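# Examining the three-dimensional arrangement
The lines below spell out each chain.
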Amino acid sequence: MKFILALIFLSKTLAMTWEEADLKAREWCADLTNEEKISLVTGRENMTGVCVGSIDPIERKDFAGLCMQDGPAGVRFANGTATSWQASINTAATFDRDLLYKVGAAQGKEFRDRGINYALGPSVNILRAPASGRIWEAYGEDPFFVGECGVQIIKGMQDSGTIATVKHFVGNDQENNRGASSSNIPEQALWEVYIDPFYRAVKDAEVHAVMSSYNAINGTYSVQNKKLLTDYLKGKIGYQGPVMSDWWSIYDVEKSFGAGMDINMPGGKAWGPDYIGNSYWGEHIQECIDKGIFPQERLDDAALRIIRSLFKAGQMENFPKVNLYIDTLTEENKALNRKVGADSNVLLKNDDSILPISKENNKKKIKKIAIIGKDAMPSKLCNDMGCADGTLPLGWGSGTTDFKYVIDPLSAITERAKKEGIKVVSSGNDNIISGALTAIKADLAIVFVQASSGEEYITVEGNKGDRQNLDLWHHGNDLVKAVAAVNKNTIVVIHAPGPVNLPFKNKVKGIIFAGMPGQETGNSIADVLFGDVNPSGHLPFTWAPREDYPTDVKYDETLPGGGEQKTQYDYDEGLFIGYRWFDKKNIEPTYPFGYGLSYTTFNYSGLDAIMEEDGLHVTLTVTNTGDIAGAAVPMIFLSFPEFVKDYPIRLFKGFNKTILEAGEAKEIEIFIDNHALSYYDVEVKDYVKPKEGEYVVYAGSNARDLPLKTTVSAAISKKRRNHL
Ligand code: GLC
């Protein structure tokens, strides 16, 4: 960790500004030939080489070429030499900015040490439908929070010397026909919900690369969408780096290169060795320049953006050669993954304080625990995680890694139980009879259940990326019901990408949403079950029956990618995604956005808010009213001034995770900047921060538990803050 910190310090002190990088890049590019520029923008090897994306060297310029590698959960195809991190949805559930940054920094170092120029992550797409296949690769339903998570991960990655590639710009929020669909998004929602996390990535984290999406937006494919790529991303937002395509999502040269795409990944027209060098781009770019289809300046700009991002990242000298197989599976990374896994556990139910299992808490004199379910057992690992057999550490697709190991829950719990003199019996399958017979003899039964999802190029148990439904897999509901029928002290641990149906909710005493925790999964859940870690995870999404959400994925027949035939996804819910929809329709969710219990309790008081030049300064006091230390996440929601019409009742706009000893009270400050205080005005065609009217400030522990409320004028206050 010391090395990472040193690197971070060094990189922060040495980090170039975009202006400085621009000067160096212009100088470096000055004598490039068009052929060399074209080789910079056109992927080679077509994903048949070591890296999933690669760019040719330019020997004359002593340029070693470029390597792009997945993904948001760590280095892909590293043959077990890299850390197999948790899913992004777990990192999000910690609601811990520092931890998010540390994960980004640790991941970034693993990419950089391998000579990988571009890490293909994070994804900041929005969870608008819980069945959508890749929700676990991003950070939930709220654009402000998704942006906050993306910013910390990007900062961490880039401070470690690799380029973060924020993706997928924009509206790739479901898998069905991702390459032959149009996300039809109203302008205000396009900006405030779907573009906004990218806006933050550019403005707050200086992201050095962006990946476009497969889908169309309002009828025009992202890769051909000049308005989005050039006018919005590069123009209005001022993004200085390159835009690379998602893999094989480019089907032409005129419209894509002309629209502002800068890198064709992985370069070929389609998958396969026959398409190495057979690209829609390559020499066709020169042909288009010769025909005047687009100007020379377009090629100059694309090459400049690539080189500018490399100077900005400090990669133009002393960058390691590509070697995917160096061992970076350090003890620090294992410990960090284990911590994130534990801190991302969301304790949904804990009746009679059945948890934690510990001497202090062992009123029930637990002597024997039954561990039930195949999801507690060692994982069978398939390519790109394309199976769910044994405990589930991650979903499937390009955002996966080659696991060196997976610590299974049964082994970890058995090991830990020994310290408490507790016996463990188990039924390591999903057989209902076996499960019940095992549970009946125990003081406590813990049932491990799962569901999975992933990318559309793999179908697992009938799910082509998107989940067919929100039910647990492998008869999980029946297994829980059978165990709960014979043991009144039943707890359920869920490994899943997001919400699942909970027909057994009132039949069990404890429920933990454990997400997809990565390689240390068994240790993480054991830490929480035995109280070595007090759970502090919170839901980054609303949990409800499928039909209560404002929208859903479709299961249309598969269409050819990039064509005129498209599945239409009408984002009619507009701004009202997630909790905003449930508030507007007054629907009671199963568990609200932000929900998460602790083994202790917290009280919130003393809310105050002052509007200053730079934004809104909110303070409140958080007290740990229980008898053990724990981490609270006070959350701030705002209602905007009434003149902002057709707007969500409340929007999530601030949080600060804070550890408190038993009985300790702390005054917490939560700052909300002017961008977060703004709405997108479609007339003005820009974000506008109200100068009149009042905001209503709510504070509490989740979207439906906001006991504190105050109002604050949108005008700058005369009152000064008494400094904390
Ligand atoms: C995939 C994904 C993208 C990934 C890329 C390279 O199809 O959409 O997230 O980075 O291709 O594997």
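Quick caveat: nothing in here was measured; it's all calculated off a predicted structure.

## Describing the overall build of the protein chain
Counting its regular elements, the protein chain contains 17 helices and 27 strands. Relative to the 2.2 N^0.38 estimate, which gives 27 Å for 724 residues, the radius of gyration of the protein chain is 25 Å and therefore close to what a compact globule would have. Dimensions of the protein chain, computed from C-alpha atoms along their principal axes, come out at roughly 80 × 65 × 50 Å. By residue count, 66% of the 724 residues in the protein chain fall in the buried class. For the protein chain, restricting intrachain contacts to residue pairs at least 6 apart in sequence, the fraction spanning at least 24 positions comes to 77%. Accessible area of the protein chain: about 25600 Å², with a carbon and sulfur share of 50%. Averaging the locations of the 78 positively and 95 negatively charged side chains of the protein chain gives two centres separated by 5 Å.

## So, the nonpolar core
In this structure, Ile285, Leu616 and Phe652 are the most contacted members of the largest nonpolar core, which totals 155 residues. Here this core gets 11 residues from one element, more than from any other, and that element is helix α7 (residues 187–205). Structurally, this core is a two-domain feature, drawing no fewer than three residues from each of domain 1 (2–312) and domain 3 (602–713). Apart from the residues within four sequence positions on either side, Phe652 is in contact with Phe95, Asp142, Phe144, Phe145, Tyr579, Phe593, Met635, Ile636 and Phe637. The next biggest cluster of nonpolar side chains, apart from the first, holds 48 residues, and it includes Ile89, Leu127, Ala439 and Val500.

## Digging into the domain arrangement of the protein chain
Taken as a whole, the protein chain is organised into domain 1 (2–312), domain 2 (337–547) and domain 3 (602–713). Centre-to-centre, using C-alpha coordinates, domain 2 lies 33 Å away from domain 3. Every contact between the two is made by four residues of domain 2 and, on the other side, eight residues of domain 3. Between domain 2 and domain 3, a total of about 400 Å² is buried, with carbon and sulfur atoms accounting for 50% of that surface.

## Notes on the sheet that holds strand β17 (residues 602–612)
In any sheet, the strands associate via hydrogen bonds between backbone groups, in a parallel or an antiparallel arrangement. If you trace the three strands from one edge of the open sheet to the other, you get β17-β18-β23, paired in antiparallel fashion. With one partner strand each, in any of the chains shown, β17 and β23 (665–673) form the two edges of the open sheet. Within the sheet, the average angular offset between the axes of one strand and its neighbour, ignoring direction, is 20°. Across nine bridges, the pairing between strand β18 (residues 615–624) and β23 is antiparallel. Bridge pairing links His617 to Phe671 in β23.

## Description of the UniProt feature "domain: Fibronectin type III-like" (unreviewed entry) in the protein chain
Following the UniProt record, one finds the feature "domain: Fibronectin type III-like" (unreviewed entry) at residues 632–703. What you have in residues 632–703 is 0% helix and 50% strand, and the ends, taken at the C-alpha atoms, are 15 Å apart.

## Points about the packing of helix α5 (residues 97–113) against helix α6 (residues 143–159)
It is the contact of α5 with α6, at a shortest axis distance of 6 Å, that shows an interaxial angle of 40°. Relative to α6, α5 is oriented oblique. Read as a crossing pair, α5 and α6 show a hand that is right-handed. Along the contact surface, α5 presents Arg97, Leu100, Tyr101, Val103, Gly104, Ala105, Gln107, Gly108 and Phe111, while α6 presents Phe144, Glu148, Cys149, Gln152, Ile153, Lys155, Gly156, Met157 and Asp159. Considered class by class, the residues forming the contact of α5 with α6 number nine nonpolar, five polar and four charged.

## Points about the site of the ligand
With respect to spatial proximity, 13 residues lie near the ligand, and among them Asp70, His168, Tyr214, Asp246 and Glu455 are the closest. Here Arg178 contributes a side-chain N or O atom positioned 3.4 Å from an oxygen atom of the ligand. For the ligand, whose unbound accessible area comes to 310 Å², protein coverage reaches 96%.

## Thoughts on the environment of Asp402
Relative to the helices and strands, Asp402 resides in the loop between β11 (368–372) and α13 (409–418). In contact with Asp402, not counting residues within four places along its chain, are Phe77, Ala78, Asn79, Gly80 and Ser84. Separated by 3.2 Å, the side chain of Asp402 and the backbone nitrogen of Ala78 make a polar contact. At 2.9 Å, the side chain of Asp402 and the backbone nitrogen of Asn79 are in polar contact.

## Some points on the pattern of salt bridges
Counted according to the given criterion, the structure contains 42 salt bridges. Of the charged contacts, one joins Asp384 and Arg76 as a salt bridge, the two residues approaching to 2.9 Å between their closest N and O atoms. Taken together, the residues Asp384 in the loop between β11 and α13 and Arg76 in the loop between β2 (66–69) and α4 (88–93) connect sequence positions 308 residues apart. Arg76 shares its class with Asp384; the two are buried. Salt bridges sharing common partners tie together Arg134, Glu137, Glu175, Arg178, Glu455, Glu456 and Lys464.

How each quantity is defined
Residues numbered from 1 in each chain as written. Predicted model: local features only at pLDDT ≥ 70, side-chain atom pairs only at ≥ 80, totals over all residues. Heavy atoms only, no water. Helix = DSSP H or I, 4+ residues; strand = E, 2+ residues; numbered from the N terminus. Rg over C-alpha atoms; globule rule 2.2 N^0.38 Å. Buried < 20%, exposed > 50% of the residue type's maximum accessible area, 1.4 Å probe, protein only. Contact = heavy atoms within 4.5 Å. Areas by Shrake-Rupley, 256 points an atom, 1.4 Å probe, with all protein chains shown as cover. Lys, Arg positive; Asp, Glu negative; His and termini not counted. Charge placed at Lys NZ, Arg CZ, Asp CG, Glu CD. Core = buried A, V, L, I, M, F, W, Y, C linked by side-chain atoms within 4.5 Å. Domains from an automatic or database assignment. Buried area = accessible area lost by both parts, 1.4 Å probe. Pairing = 2+ DSSP bridges. Axes fitted to C-alpha atoms, helices over the stretch in contact; angles between N-to-C directions. UniProt positions renumbered as here; feature names shortened; annotations may be inferred. Parallel < 35°, antiparallel > 145°, perpendicular 65-115°, else oblique. Left-handed = near helix turned anticlockwise from the far one by under 90°. Nonpolar A, V, L, I, M, F, W, Y, C, P; charged D, E, K, R; others polar. Near = heavy atom within 4 Å. Polar contact = N/O pair within 3.5 Å; in protein donor to acceptor, adjacent residues only side chain to side chain. Salt bridge = Lys/Arg side-chain N within 4 Å of Asp/Glu carboxyl O.

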